[in-house]
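Structural overview
Residue strings, one per chain:
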Amino acid sequence: MICIFLGAPGSGKGTQAKKVCASRGMAYIGTGEILRENVAAGTELGKRVQVILEAGHLVDDDTMIAIIEEKIKIENSFLMDGFPRTVRQAEALGELFEKYGKKVDAVIFLDVDSEEVTKRILGRFSCPSCGKDYNVHIDDIKDKRCPVCGGELLQRSDDTEETVRERIEEYSRKTAPLKEFYEKKNILINVGGTGSPSEIFERITEALDNKN
Ligand code: AMP
């Protein structure tokens, strides 16, 4: 199966996408994560995109399309989280699918309003020692310490109030039109993104099962 996850920053895409991949044996392709790994490793790409990520802007389409081509040409069953983010990326993705003889089965749109996503983003933390993610609005976290391993919890450097505002504006301007783009192709599935993470996961699972 080939799947795309759409939704505002902080809509829970990353969390849900990873759960779906684990339960269905699909490869997870998260472009934000790929970029952050490059920044952390200090690669040429990482050095070039670091300021863009920290400002909450989008990386240019050509860079992102090249990254995604390398991934999708070697995978058969995968889920894309964070790509496409512009109409140009979506069009290029369609061309890449044709080139490699693949087709997207479902586009899941996680529907959450912008007030809620801001609150969620500002509440999220992760543990660099064991890799677990938390949200202060859901998890019982004391003194910013990881309940599993005791490591110090950190926020993503682009999860500040100012950057979040910019990311949501970028999303409304450039990414939100993709909903209509995929609606017209009859492959968009709207999933309510509020509720507990397990409830949302159930909704997504049901939607994907109905696709099979
Ligand atoms: P995410 O982890 O999906 O929230 O992505 C974090 C950041 O990575 C975004 O705010 C953008 O700066 C950048 N990014 C990730 N995916 C893309 C993409 N498809 N196009 C442009 N920029 C992207």
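Our structure's up above, just so we're on the same page.
Residues numbered from 1 in each chain as written. Predicted model: local features only at pLDDT ≥ 70, side-chain atom pairs only at ≥ 80, totals over all residues. Heavy atoms only, no water.

On to the overall build of the protein, then. The helix and strand inventory of the protein stands at 9 helices and 7 strands. Taken over C-alpha atoms, the radius of gyration comes to 17 Å for the protein, in line with the 17 Å a tight globule of 212 residues would show. Seen through its C-alpha atoms, the protein measures out along the principal axes to roughly 50 × 40 × 30 Å. Within the protein, buried positions represent 44% of all 212 residues. Long-range contacts, defined here as pairs at least 24 residues apart, represent 69% of the contacts in the protein between residues at least 6 apart. Put simply, the protein shows about 11100 Å² of open surface, and 47% of that area lies on carbon and sulfur atoms. (Helix = DSSP H or I, 4+ residues; strand = E, 2+ residues; numbered from the N terminus. Rg over C-alpha atoms; globule rule 2.2 N^0.38 Å. Buried < 20%, exposed > 50% of the residue type's maximum accessible area, 1.4 Å probe, protein only. Contact = heavy atoms within 4.5 Å. Areas by Shrake-Rupley, 256 points an atom, 1.4 Å probe, with all protein chains shown as cover.)

The subject of this paragraph is the packing of aromatic side chains. Two numbers describe a pair of aromatic rings. These are the distance of the centres and the angle of the planes. Counted according to the given criterion, the structure contains 2 aromatic pairs. Here the aromatic rings of Phe181 and Tyr182 are separated by 5.0 Å at their centres, their planes lie at 80 degrees, and the arrangement is edge-to-face. The class of Tyr182 is buried, set by a relative accessible area of 3%. In this structure, Lys19 packs its charged tip against the face of Phe201, placed 5.0 Å from the ring centre. (Phe/Tyr/Trp six-rings, centres within 6.5 Å; stacked < 30°, edge-to-face > 60°. Lys NZ or Arg CZ within 6 Å of the ring centre and 35° of its normal.)

Further remarks concern unusual backbone geometry. With omega at 0 degrees, the peptide bond leading from Phe83 into Pro84 counts as cis. The backbone of Asp143 shows a phi angle near 50 degrees, a positive value even though the residue is not glycine. Examined against the element boundaries, Asp143 turns out to sit in the loop between strand E6 (133-135) and helix H7 (161-175).

A few words on the sheet that holds strand E2 (residues 27-30). If you trace the 5 strands from one edge of the open sheet to the other, you get E2-E3-E1-E4-E7, paired in parallel fashion. Either end of the sheet is taken by a strand with one partner, and the two such strands are E2 and strand E7 (188-192). Here the strands of the sheet are splayed against their neighbours by 20 degrees on average, with no regard to which way each runs. Examined bridge by bridge, E2 and strand E3 (residues 78-81) share 4 bridges and lie parallel to one another. Looking at E3, one finds that Gly30 is bridged to Asp81. (Pairing = 2+ DSSP bridges. Axes fitted to C-alpha atoms, helices over the stretch in contact; angles between N-to-C directions.)

Here we come to the side chain of Glu170. Note that Glu170 resides in helix H7. Separated by 3.0 Å, the side chain of Glu170 and the backbone nitrogen of Leu58 make a polar contact. A polar contact is formed between the side chain of Glu170 and the side chain of Arg173, at a distance of 2.8 Å. If we skip the residues at most four places from it in the chain, Glu170 touches Gly56, His57, Leu58 and Thr175. (Polar contact = N/O pair within 3.5 Å; in protein donor to acceptor, adjacent residues only side chain to side chain.)

Close to the ligand lie 16 residues; Thr31, Arg36, His57, Gly82 and Arg85 are nearest. Between the ligand and the protein, one listed contact pairs a nitrogen atom with a side-chain N or O atom of Thr31 at 2.8 Å. Gly82 places a polar main-chain atom, nitrogen or oxygen, 2.8 Å from a nitrogen atom of the ligand. Against a free-state accessible area of 480 Å², the protein chains account for coverage of 96% of the ligand. Considering every element that reaches the shell around the ligand, the biggest residue donor is helix H2 (residues 31-41), with 4 residues. For the shell around the ligand, a count of residues per class yields 6 nonpolar, 5 polar and 5 charged. (Near = heavy atom within 4 Å. Nonpolar A, V, L, I, M, F, W, Y, C, P; charged D, E, K, R; others polar.)

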